[in-house]
Amino acid sequence: MELFDCAVIGAGGAGLNASLILGRSRKKVALFDNGTNRNRVTQESHGFLTRDGIKPAEFKEIAINDVKKYPSVHFYQNTVMNITKQSNGLFKIETLDEVEIVAKRIILATGVQEEFPSVSDIKKYYGKSLFSCPTCDGWELRDQPLIIISENEEHTLFKGKLIYNWSKDLVIATNGHELSAPTLNELQRKDIFVITEPIQNLNGEDGYLNKVVFSSGLEIERAGGFIVPNFVRPNQFAEQLGCQLNQNGSIVTDEAGRTSQENVYAAGETAKLGQTSLIVAAAEGYKNAMAVVFDSTI
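What you see is a predicted model, and the numbers here were worked out from it, not measured in a lab.

Undergrad: What exactly am I supposed to notice about the pattern of salt bridges here?
TA: Between side chains of opposite charge, a pair can form as their charged atoms come close. Going through the model one piece at a time under the given rule, you end up with 16 salt bridges. Notably, a salt bridge pairs Glu-114 with Arg-38, separated by 3.0 Å at the nearest N-O pair. In this pair, Glu-114 sits in strand β7 (residues 113–115) while Arg-38 sits in the loop between β2 (29–32) and α2 (56–68), placing the two residues 76 residues apart along the sequence. Among the residues examined, Glu-114 registers a relative accessible area of 14% and is labelled buried.

Undergrad: What exactly am I supposed to notice about the environment of Asn-210 here?
TA: Considering the arrangement of structural elements, one finds Asn-210 in strand β13 (residues 208–214). Owing to a relative accessible area of 39%, Asn-210 belongs among the partly exposed residues under this scheme. Note: C-alpha distance between Asn-210 and Phe-75 (135 residues apart in sequence) is 42 Å. Dropping the residues within four chain positions of it, Asn-210 is found in contact with Asn-203, Gly-204, Ile-220, Glu-221 and Arg-222.

Undergrad: Even after reading the chapter, I still don't get unusual backbone geometry, so can you show me in this structure?
TA: Where the residue is not glycine, phi is negative for most of them; where a peptide bond is considered, it is trans in most cases. A positive phi is found at Asp-191, a non-glycine position, where the angle reads about 60°. In this structure, Asp-191 sits in the loop between α6 (181–189) and β11 (193–195). Not every positive phi belongs to a glycine, and Asn-263 is a case in point at roughly 70°. Tracing the sequence through the fold places Asn-263 in the loop between α7 (237–240) and β17 (264–266).

Undergrad: Would you mind showing me how to read the nonpolar core here?
TA: Within soluble globular proteins, side chains that are nonpolar generally end up buried alongside one another. Grouped together as the largest cluster of nonpolar side chains are 24 residues, with contacts concentrated most on Cys-6, Val-8, Leu-16, Leu-22, Leu-31, Ile-107 and Val-292. If you list the elements that add at least two residues to this core, you get β1 (2–9), α1 (13–24), β2, α2 and α9 (278–295). Those residues in contact with Val-292 that sit more than four places away from it in its chain are Cys-6, Leu-22, Arg-105, Ile-107 and Tyr-265. Core analysis: the second largest hydrophobic core is formed by 22 residues, Ala-7, Ile-9, Ala-30 and Ile-93 among them.

Undergrad: Can you walk me through the sheet that holds β11 in this structure?
TA: Note on sheets: strands pair through backbone hydrogen bonds, and any given pair is parallel or antiparallel. One open sheet accounts for 5 strands, arranged β8-β15-β9-β10-β11; its pairing is parallel. Each end of this open sheet is capped by a strand with a single partner; those strands are β8 (130–131) and β11. Direction of pairing for β8 relative to strand β15 (residues 224–228): parallel, over a ladder of 2 bridges. Paired with Phe-131 across the two strands is Phe-226, which belongs to β15. Sheet contacts for helix α5 (residues 153–163): β9 (146–150), β10 (170–173) and β15; angle to β9, the most-contacted strand, approximately 160°.

Undergrad: Looking at this structure, how should I read the sheet that holds strand β14 (residues 219–221)?
TA: The 3 strands lie next to each other as β12-β13-β14, forming an open sheet whose pairing is antiparallel. With one partner strand each, in any of the chains shown, β12 (199–205) and β14 form the two edges of the open sheet. In this sheet, adjacent strand axes meet at a mean angle of 25° when their direction is disregarded. In terms of strand pairing, β12 meets β13 through 6 bridges, oriented antiparallel. Each residue of the ladder has a partner; that of Leu-202, found in β13, is Val-212.

Undergrad: Can you help me understand a nonpolar patch on the surface in this one?
TA: Side chains of Leu-49, Ile-279 and Val-280 sit close together on the surface and give an oily, nonpolar patch of about 270 Å² of accessible area. By secondary structure assignment, the location of Leu-49 is in the loop between β2 and α2. Under the relative-accessibility criterion, Leu-49 is labelled exposed at 68%.

Undergrad: Could you clarify how one ought to interpret the pairing of β9 in this entry?
TA: Walk down a regular strand and you will see the side chains alternate between the two sheet faces. Within β9, 5 of the 5 residues are buried, leaving the element largely enclosed by the surrounding structure. Side chains Leu-146, Ile-148 and Ser-150 of β9 all project onto a buried face; the interleaved residues Ile-147 and Ile-149 project onto the opposite face, where all are buried too. Relative to β10, β9 is paired through 4 bridges, and the arrangement is parallel. Residue pairing in the sheet places Leu-146 in a bridge with Leu-170 of β10. Once you follow β9 into α5 and on to β10, the crossover reads as right-handed. With 5 bridges connecting them, β9 and β15 associate as parallel partners. Note that in β15 the partner of Ile-149 across the bridge is Ile-227.

Undergrad: Honestly, the pairing of β13 in this entry has me stumped. Any pointers?
TA: Count of turn residues in the β12/β13 antiparallel hairpin: 2 residues, of which Asp-206 carries a positive phi of about 55°. Looking at chain direction, β13 and β14 are connected through 3 bridges and run antiparallel. Pairing of Lys-211 across the sheet is with Glu-221, part of β14. The hairpin turn running from β13 into β14, its antiparallel successor, is 4 residues long, and Gly-217 in that turn takes a positive phi close to 100°.

Here is what the cut-offs are and how they apply
- Residues numbered from 1 in each chain as written.
- Predicted model: local features only at pLDDT ≥ 70, side-chain atom pairs only at ≥ 80, totals over all residues.
- Heavy atoms only, no water.
- Salt bridge = Lys/Arg side-chain N within 4 Å of Asp/Glu carboxyl O.
- Helix = DSSP H or I, 4+ residues; strand = E, 2+ residues; numbered from the N terminus.
- Buried < 20%, exposed > 50% of the residue type's maximum accessible area, 1.4 Å probe, protein only.
- Contact = heavy atoms within 4.5 Å.
- Core = buried A, V, L, I, M, F, W, Y, C linked by side-chain atoms within 4.5 Å.
- Pairing = 2+ DSSP bridges.
- Axes fitted to C-alpha atoms, helices over the stretch in contact; angles between N-to-C directions.
- Patch = residues over 30% accessible without salt bridge, like charges linked within 9 Å, V, L, I, M, F, W, Y side chains within 5 Å.
- Areas by Shrake-Rupley, 256 points an atom, 1.4 Å probe, with all protein chains shown as cover.
- Right-handed = clockwise from strand over helix to strand, strands pointing away.

See below:
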């Protein structure tokens, strides 16, 4: 079974940048990816200096080609199914396609996936006219009539006040969930209208929203907006490896991404258990890689 200095699980911004730095540091790397990165449904990626507006698929292709320039980096298009720590301290990685390798260290960078509000056909609009990150996509929707679909009161007020920066024509739809009086009062002070009745359906064409219909028959025209999803990891690798978690489910790490388990590191949305920007994920992958290089010398 082939031995690697490090196995990187996930080829998003974090995993790719970690692999790049490890390759440049002459480490033998196994990089695994199954093509389920969360931003694959997005038309453009924003906020990454020199790459603003690039298609995520194009960004990923460029990054993979950068990584492949280093002969010690081996790219596997496979789904990792199991990671187990053996008695000798090495990690055994098994994939769906029966690829098996062992590695001295592991970087978890598989990202997160969204759990959407219970609205019919909402995924048809996600990535085209409905988004989750206003910093990433607010500019394109500026000054348009927008809707915020949120079933989570904890995030509703924050998202409403944040998105107000790009458009003041806002409606918040809670899809049948009531909001507390303090939250309602705060939103009303900014003239943000709240509709608590359930959403019956979304109307639009080719993923571009133009109307929201509620259970009472109320219809409002909206050009797009934002969703407040819940985020979940697509696997249980952190738990299976015994990594300590915070109360909110994020992975406990130090500033460089070291987890509570020796030789296990985590970066990007995997560590945070929430959305982050591409450039921040890439920076965290860089930090992970530098920690791996440093730890392998002591």
